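# Coordinate analysis (summary)
If you want the building blocks of each chain, they are given just below.
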Amino acid sequence: MTIASSPGLRAILVVDQVADWAGMELPLPLIAAREYLRDPAWQQQRGLRVVNLCRSWRYQSTGYYVSLLAVSRRHIDAHLSRSRVAASLQLPGQRTPVAP
């Protein structure tokens, strides 16, 4: 998915591998973590909300850098816990969140 093909996009789910979520009906569009980290177009988005569903938020992991950039871009609330986000989405087949 690209930003250009999604006018009015307000929230996204950022995951390690989009293919891992294939076939699931989700309430928000999926974006690969590498795309969010590397594509400068995401940096320019205003009013975007990122839900980081990467497998790990450990120091220096991909999920860690997604959260770090999302906070700096004002795409995520730094005080929002991963478990609260996942619980609020009620995703089918939801995995138990990994502690950051």
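Since the model is a prediction, treat every value here as computed from it, not as a measurement.

## Some remarks on the sheet that holds strand S1 (residues 11–15)
One open sheet accounts for 3 strands, arranged S2-S1-S3; its pairing is parallel. Sheet topology places strand S2 (30–32) and strand S3 (49–52) at the edges, where each strand pairs with a single neighbour. Neighbour-to-neighbour, the strand axes of the sheet open up by a mean angle of 35°, direction not taken into account. Taken strand by strand, helix H3 (residues 62–72) contacts S1 and S3, and its axis lies near 160° from that of S3.

## So, the packing of aromatic side chains
One pair of aromatic rings is described through two measures. These are the centre distance and the angle between the planes. Taken as a whole and assessed by the stated rule, the structure comprises 3 aromatic pairs. Note on Tyr 59 and Tyr 64: the rings are 5.2 Å apart at their centroids and 75° apart in plane angle, and the pair reads as edge-to-face. With relative accessibility at 63%, the residue Tyr 59 sits in the exposed group. Aromatic side chains Tyr 64 and Tyr 65 sit 5.1 Å apart centroid to centroid with 85° between the ring planes, which places their arrangement in the edge-to-face category. When its relative accessible area of 25% is taken as the criterion, Tyr 64 is described as partly exposed. An aromatic cluster of three or more residues is present, and its members are Tyr 59, Tyr 64 and Tyr 65.

## Quick notes on the environment of Val 18
Note that Val 18 resides in the loop between S1 and S2. With a relative accessible area of 35%, Val 18 lands in the partly exposed category. Expressed as a C-alpha distance, the spacing of Val 18 and Ile 31, which sit 13 residues apart in the sequence, is 6.7 Å. Not counting residues up to four positions away in its chain, the partners in contact with Val 18 are Leu 30, Ile 31 and Ala 32.

## Let's talk about the nonpolar core
Formed by Ile 12, Val 14, Ile 31, Ala 33, Tyr 36, Trp 42, Leu 48, Val 50, Cys 54, Val 66, Ala 70 and Ile 76, the largest nonpolar core amounts to 12 residues. Of all the secondary structure elements, the ones that give two or more residues to this core are S1, helix H1 (33–38) and H3. Residues Val 15, Trp 21, Val 51 and Leu 53 belong to the second largest nonpolar core, which totals 6 residues.

## Some points on the side chain of Ser 67
Within the secondary structure, Ser 67 is located in helix H3. Setting aside residues no more than four positions away along its own chain, Ser 67 makes contact with Asn 52, Trp 57 and Ile 76.

Quick notes on the rules
- Residues numbered from 1 in each chain as written.
- Predicted model: local features only at pLDDT ≥ 70, side-chain atom pairs only at ≥ 80, totals over all residues.
- Heavy atoms only, no water.
- Pairing = 2+ DSSP bridges.
- Helix = DSSP H or I, 4+ residues; strand = E, 2+ residues; numbered from the N terminus.
- Axes fitted to C-alpha atoms, helices over the stretch in contact; angles between N-to-C directions.
- Contact = heavy atoms within 4.5 Å.
- Phe/Tyr/Trp six-rings, centres within 6.5 Å; stacked < 30°, edge-to-face > 60°.
- Buried < 20%, exposed > 50% of the residue type's maximum accessible area, 1.4 Å probe, protein only.
- Core = buried A, V, L, I, M, F, W, Y, C linked by side-chain atoms within 4.5 Å.

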